[in-house]
Amino acid sequence: MLRSLYSGVSGMKNLQNELDVVANNIANVNTIGFKSSRVNFQDIMSQNMRPAAAGNNAAGGLGGTNPMQIGLGVTTASIDTMMGNGAQQTTGNGLDVYLDGPGFLVMQDTSGSQMYTRAGALQVDANGYLVNNSGVKVMGAANATVTDTSTAPALGATLTSIKIPATATIKGATVNATGTPEIGADGVITQSYGGTKIAVGRIAIANFTNPNGLAKAGGTNFTASPNSGDPVISNAAASGVAVVRSGALEMSNVDLSTEFTNMIVASRAYQANAKSITTSDEILQTLISLKQ
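Residues numbered from 1 in each chain as written. Predicted model: local features only at pLDDT ≥ 70, side-chain atom pairs only at ≥ 80, totals over all residues. Heavy atoms only, no water.

1. Examining the UniProt feature "domain: Flagellar hook protein FlgE/F/G-like D1" (unreviewed entry) in the chain
Here is step 1 of the chain: The positions UniProt marks with the feature "domain: Flagellar hook protein FlgE/F/G-like D1" (unreviewed entry) are residues 99–180.
Here is step 2 of the chain: Along residues 99–180 the backbone is 0% helical and 45% strand, and the end-to-end C-alpha distance reaches 20 Å. (UniProt positions renumbered as here; feature names shortened; annotations may be inferred. Helix = DSSP H or I, 4+ residues; strand = E, 2+ residues; numbered from the N terminus.)

2. Focus: the UniProt feature "domain: Flagellar basal-body/hook protein C-terminal" (unreviewed entry) in the chain
Here is step 1 of the chain: The residues that UniProt annotates with the feature "domain: Flagellar basal-body/hook protein C-terminal" (unreviewed entry) are residues 245–290.
Here is step 2 of the chain: The distance from the first to the last C-alpha atom of residues 245–290 is 75 Å, and the span holds 74% helix and 11% strand.

3. As for the side chain of Lys 35
Here is step 1 of the chain: Here Lys 35 shows up in the loop between α1 (3–27) and β1 (37–43).
Here is step 2 of the chain: At a separation of 3.0 Å, a polar atom in the side chain of Lys 35 contacts the main-chain carbonyl oxygen of Gly 84.
Here is step 3 of the chain: Setting aside anything within four residues of it in sequence, one finds Lys 35 in contact with Thr 81, Met 82, Met 83, Gly 84, Asn 85, Gly 86, Arg 118, Lys 216, Phe 222, Glu 250 and Asn 253. (Polar contact = N/O pair within 3.5 Å; in protein donor to acceptor, adjacent residues only side chain to side chain. Contact = heavy atoms within 4.5 Å.)

4. Some thoughts on the nonpolar core
Here is step 1 of the chain: If you look at the biggest cluster of nonpolar residues, it comprises 26 residues, and the most contacted ones within it are Leu 105, Leu 130, Ile 189, Tyr 193 and Ile 203.
Here is step 2 of the chain: Within the residue set of this core, elements represented by two or more residues are β6 (97–100), β7 (104–108), β13 (167–170), β15 (188–193) and β16 (196–207).
Here is step 3 of the chain: When residues of this core are assigned to their parent elements, the largest contribution, four residues, is made by β16.
Here is step 4 of the chain: Among all residues touching Leu 105, those that are not within four sequence positions of it are Val 97, Leu 99, Met 115, Tyr 116, Thr 117, Ala 119, Gly 120, Leu 122, Ile 203, Ala 204 and Ile 205. (Core = buried A, V, L, I, M, F, W, Y, C linked by side-chain atoms within 4.5 Å. Buried < 20%, exposed > 50% of the residue type's maximum accessible area, 1.4 Å probe, protein only.)

5. Considering the layout of surface pockets
Sizing a probe to match a water molecule and rolling it over the atoms shows the empty space that remains.
Here is step 1 of the chain: Counted as a void, the largest pocket has a volume near 170 Å³.
Here is step 2 of the chain: As for the largest pocket, its lining consists of 13 residues, and the residues nearest its centre are Asn 25, Ser 37, Arg 38, Glu 259 and Asn 262.
Here is step 3 of the chain: Secondary structure elements with two or more residues in the lining of the largest pocket: α1, β1 and α2 (256–289).
Here is step 4 of the chain: Considering each element in turn, the lining of the largest pocket owes the most residues, four residues, to α1. (1 Å grid on protein atoms, 1.4 Å probe; cavity = no way out; pocket = protein on both sides within 12 Å on 5 of 7 lines; lining within 4 Å. Points joined across faces, edges and corners; volume = space filled by probe spheres on them.)

Okay, here's the thing in structure tokens:
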């Protein structure tokens, strides 16, 4: 059979991967904290019709010749996650956080596994836990009980879920929490108790040697992979670590103009590969007709 048939099939199959990635990027253009993906291609292999030959240095000898090869198709080399920052959108909600710089919020699902995200739409649930809009708990450090002498807790070797105490002891009296917690640039969470603001917790920020190696886990979350490296947990606003901007969210980093251009190019390339298959079929039909 003609090699062009299989080359065309490989082109169509892998261009479908690109169209799938582009469609997913466009679908998530308004997803907070979403990181777009891109597809890279590479050729599969080439059939050697004639190997390269060295030239003959003797007088009157022939010069060298290049290899003669025919490519046999294309494959998807990689699907990369683009970790560039999305635009900052002001919301005015004090529990919304935008990470200005490198790093991820640390989350923990019901199985106890840690996940990492740039989506900072946070809220306090009925039990006082700081969670995202899916109910997944934010990790860091927290004071189990608070008094008017409490200071911001330090991040330990093991992170804990952040719970805002409902009451505090102020000058020996029990005072209820009032208002919404506030999150500082350094990730420290303060809560007002009868007008007295007390540090009750601290958000942890995770960095990775290779953040592009993180694996997408759904819900705008990532998990560590063998190629991302282990998470390095730090305080926000430390050297080389993101600063927490409350009252804002990080939007998707999808560039619609780029995605539509990629869609057009992939669509035309798909049509061209389909045309190479129909042309190869016409040649085969001509060959079969020779017998008739």
